[in-house]
Amino acid sequence: EPRDRAERQACGTIIVRGFAATLEELARGGDERCLITAFHSVRAPEESITEYISHVHEGFRCSSQCFVLALVYMDRAMKRHPEIAVDRLTCHRFFASSLTLAAKFLDDSCATNRIYAEVCGMPMRELSELE
């Protein structure tokens, strides 16, 4: 784990960029004609995935390991449920729910669902259902 603020910032930038690049690549290959799942938005968010991940990274203040675990959760979910496709309509919500679960599992002090939902920009009930 990073020791000082500058190191945390640099580490955070690397995490955000790497995670965003991974999700953008997955979304490019996503098939928007797949089955509609709970992760689907009615329309694509205006905020890019990089902006969204950066915003959530700042708001959650969770450990770097949470981002790694969130990616593992997403990978496992896609393998167990092939109907879950990552595309521009699902990537934000899929990421938000995966990171919420990871933060709750890994971090000693985690926020409430109300806080996580607020940071993610969705109603608390919706985030709870996605979990």
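See above for the structure.
Notes on the structure in this doc start here. (Residues numbered from 1 in each chain as written. Predicted model: local features only at pLDDT ≥ 70, side-chain atom pairs only at ≥ 80, totals over all residues. Heavy atoms only, no water.)

A look at the environment of L71
Part 1 of the reasoning: Structurally, L71 is set in helix 3 (residues 64-80).
Part 2 of the reasoning: It is 9.2 Å that separates the C-alpha atoms of L71 and A102, two residues lying 31 residues apart in sequence. (Helix = DSSP H or I, 4+ residues; strand = E, 2+ residues; numbered from the N terminus.)

Some remarks on the pattern of salt bridges
Part 1 of the reasoning: The tally for this structure, following the rule as stated, stands at 6 salt bridges.
Part 2 of the reasoning: Salt-bridge contacts for E25 lead to R28; the nearest nitrogen and oxygen are separated by 3.1 Å. Pair noted here: E25 and R28 are both in helix 1 (residues 5-29), with a separation of 3 residues, about one helical turn.
Part 3 of the reasoning: Under the relative-accessibility criterion, R28 is labelled exposed at 61%.
Part 4 of the reasoning: Note that K104 and E131 form a salt bridge whose closest N and O atoms lie 3.0 Å from each other. A residue pair is termed long-range when its members are at least 10 positions apart, and K104 in helix 4 (residues 91-106) and E131 in the segment after helix 6 (124-130) qualify at 27 residues.
Part 5 of the reasoning: Accessibility expressed as a relative area gives 29% for E131, which makes it partly exposed. (Salt bridge = Lys/Arg side-chain N within 4 Å of Asp/Glu carboxyl O. Buried < 20%, exposed > 50% of the residue type's maximum accessible area, 1.4 Å probe, protein only.)

Notes on the packing of helix 3 against helix 4
Part 1 of the reasoning: For the pair helix 3 and helix 4, interaxial distance at closest approach is 8 Å and the crossing angle is 125°. Of the possible angle classes, the one that applies to helix 3 and helix 4 is oblique. Remark: the crossing between helix 3 and helix 4 carries right-handed chirality. Between helix 3 and helix 4, the contacting residues are Q65, C66, F67, L69, A70, Y73, M74, A77 and M78 on the first element and F94, F95, S98, L99, L101, A102, A103, F105 and L106 on the second.
Part 2 of the reasoning: For the contact of helix 3 with helix 4, a count of residues per class yields 16 nonpolar, 2 polar and no charged. (Axes fitted to C-alpha atoms, helices over the stretch in contact; angles between N-to-C directions. Parallel < 35°, antiparallel > 145°, perpendicular 65-115°, else oblique. Left-handed = near helix turned anticlockwise from the far one by under 90°. Contact = heavy atoms within 4.5 Å. Nonpolar A, V, L, I, M, F, W, Y, C, P; charged D, E, K, R; others polar.)

Quick look at helix 4
Part 1 of the reasoning: With 16 residues, helix 4 extends 22 Å from end C-alpha to end C-alpha; this agrees with the ideal 22 Å at 1.5 Å per step.
Part 2 of the reasoning: Counting buried positions along helix 4 gives 12 out of 16 residues, so the element sits mostly inside the fold.
Part 3 of the reasoning: Where helix 4 is concerned, the buried positions are C91, H92, R93, F94, F95, A96, S97, S98, L99, T100, A102 and A103. (Expected span 1.5 Å × (residues − 1).)

Here we look at the packing of aromatic side chains
Part 1 of the reasoning: Counted under the stated rule, the structure contains 6 aromatic pairs.
Part 2 of the reasoning: Ring geometry for F19 against F67: centres 5.8 Å apart, planes inclined by 80°, an arrangement best described as edge-to-face. Here the residue F19 occupies a position in helix 1, and F67 occupies one in helix 3, the gap between them amounting to 48 residues.
Part 3 of the reasoning: By relative accessible area, which is 2% here, F67 ends up buried.
Part 4 of the reasoning: Seen from their ring centres, F60 and Y116 are 4.4 Å apart, and the 40° between their planes marks the pair as tilted. Here Y116 lies in helix 5 (residues 113-120) and F60 lies in helix 2 (residues 49-60), a separation of 56 residues in the sequence. (Phe/Tyr/Trp six-rings, centres within 6.5 Å; stacked < 30°, edge-to-face > 60°.)

Here's the deal with the nonpolar core
Part 1 of the reasoning: Within the largest apolar cluster, 36 residues are counted, with the highest numbers of intra-cluster contacts made by I53, F60, F95 and L99.
Part 2 of the reasoning: Elements represented by at least two residues in this core include exactly helix 1, helix 2, helix 3, helix 4, helix 5 and helix 6.
Part 3 of the reasoning: Here F60 is in contact with L99, T100, A103, Y116, V119 and C120, once residues within four sequence places are set aside. (Core = buried A, V, L, I, M, F, W, Y, C linked by side-chain atoms within 4.5 Å.)

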